[in-house]
Amino acid sequence: MANIKSAKKRIEVSRIRYEKNKSIRSKVKTAIKKVEAAVAESNKEAAAAALVAATTEIEKACSKGVYHKNNAARKVSRLAKLVNSIA
């Protein structure tokens, strides 16, 4: 365990950020799964609505620094491509 005050603070801040980032990543994964489930059911309307929600969550995560902008763009692109594949 750290003895220096600044080291103790870094450990605490690191833990808090880890928990916050974990929560945000979990929300993104859940949103992605909802899109994939709607696509699996071939429900175009539900998939489109879920895509909008997922895109919002991914963009929020990107703006908070949880995901790199290219990673976020790739996730959105893949989901959009998946939704557009529904005939």
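Quick caveat, the model's predicted, so the values are computed rather than measured. (Residues numbered from 1 in each chain as written. Predicted model: local features only at pLDDT ≥ 70, side-chain atom pairs only at ≥ 80, totals over all residues. Heavy atoms only, no water.)

Q: Sorry if this is basic, but what is going on with the packing of helix H1 (residues 5-40) against helix H2 (residues 44-63) here?
A: The relative placement of two packed helices comes down to the angle between their axes together with the axis-to-axis distance. Axis separation between H1 and H2 bottoms out at 8 Å; the angle between their running directions is 160 degrees. Considering the angle they form, H1 stands roughly antiparallel to H2. Taken as a pair, H1 and H2 cross one another with a handedness that is left-handed. Contacts between H1 and H2 involve Ile24, Lys27, Val28, Ala31, Ile32, Lys34, Val35, Ala38 and Val39 on the former and, on the latter, Ala46, Ala47, Ala50, Leu51, Ala54, Glu57, Ile58 and Ala61. Residue composition of the contact of H1 with H2, grouped by class: 14 nonpolar, no polar and three charged. (Axes fitted to C-alpha atoms, helices over the stretch in contact; angles between N-to-C directions. Helix = DSSP H or I, 4+ residues; strand = E, 2+ residues; numbered from the N terminus. Parallel < 35°, antiparallel > 145°, perpendicular 65-115°, else oblique. Left-handed = near helix turned anticlockwise from the far one by under 90°. Contact = heavy atoms within 4.5 Å. Nonpolar A, V, L, I, M, F, W, Y, C, P; charged D, E, K, R; others polar.)

Q: Teacher, can you tell me more about the nonpolar core here?
A: Where a protein is soluble and globular, its nonpolar side chains tend to be buried together. Ranked by internal contacts, the top residues of the largest apolar core, which has 21 residues, are Val35, Ile58 and Leu79. Put simply, the parts of the chain that give this core at least two residues each are H1, H2 and helix H3 (69-84). Those residues in contact with Ile58, other than ones at most four positions away along the chain, are Val28, Ile32, Ala72, Lys75, Val76 and Leu79. (Core = buried A, V, L, I, M, F, W, Y, C linked by side-chain atoms within 4.5 Å. Buried < 20%, exposed > 50% of the residue type's maximum accessible area, 1.4 Å probe, protein only.)

Q: Hey, could you run me through the pattern of salt bridges in this one?
A: Opposite charge on two side chains allows them to pair when their charged atoms are near. Taken as a whole and assessed by the stated rule, the structure comprises one salt bridge. We note a salt bridge from Arg15 to Glu12, for which the minimum N-O separation is 2.7 Å. Taken together, the residues span about one helical turn, with Arg15 and Glu12 both in helix H1 at a distance of three residues. Relative accessible area serves as the criterion here: at 38%, Glu12 is assigned to the partly exposed category. (Salt bridge = Lys/Arg side-chain N within 4 Å of Asp/Glu carboxyl O.)

Q: I would appreciate a short explanation of the environment of Ile16 in the present structure.
A: By the secondary structure assignment, Ile16 is in helix H1. With a relative accessible area of 45%, Ile16 lands in the partly exposed category. Along the sequence, Ile16 and Lys44 sit 28 residues apart, while their C-alpha atoms lie 39 Å from each other.

Q: Would you take a moment to explain the environment of Lys20 for this structure?
A: Of note, Lys20 is situated in helix H1. The spatial distance from the C-alpha of Lys20 to the C-alpha of Val66 is 9.3 Å, given a sequence separation of 46 residues.

Q: Please explain a positive patch on the surface as it appears in this structure.
A: A contiguous patch of positive charge on the surface is contributed by Lys5, Lys9, Arg10, Arg17, Lys20, Lys27, Lys60 and Lys64. Summarising the element assignment, Lys60 is placed in helix H2. (Patch = residues over 30% accessible without salt bridge, like charges linked within 9 Å, V, L, I, M, F, W, Y side chains within 5 Å. Areas by Shrake-Rupley, 256 points an atom, 1.4 Å probe, with all protein chains shown as cover. Lys, Arg positive; Asp, Glu negative; His and termini not counted. Charge placed at Lys NZ, Arg CZ, Asp CG, Glu CD.)

Q: I'm lost on H2 in this one. Help?
A: Helical geometry note: an α-helix holds 3.6 residues per turn, so side chains three or four residues apart project in the same direction. Compared with the 28 Å implied by 1.5 Å per residue over 20 residues, the 28 Å span of H2 between its first and last C-alpha is a close match. Within H2 the residues assigned to the buried category are Ala47, Ala50, Leu51, Ala54, Ile58, Ala61 and Cys62. Angular distribution of buried residues about the axis of H2 spans 115 degrees; they occupy a single face of the element. Turned more than 90 degrees away from the buried face of H2 sit Glu45, Ala49, Val52 and Ser63, all of them exposed. (Expected span 1.5 Å × (residues − 1). Arc of directions from axis to C-beta.)

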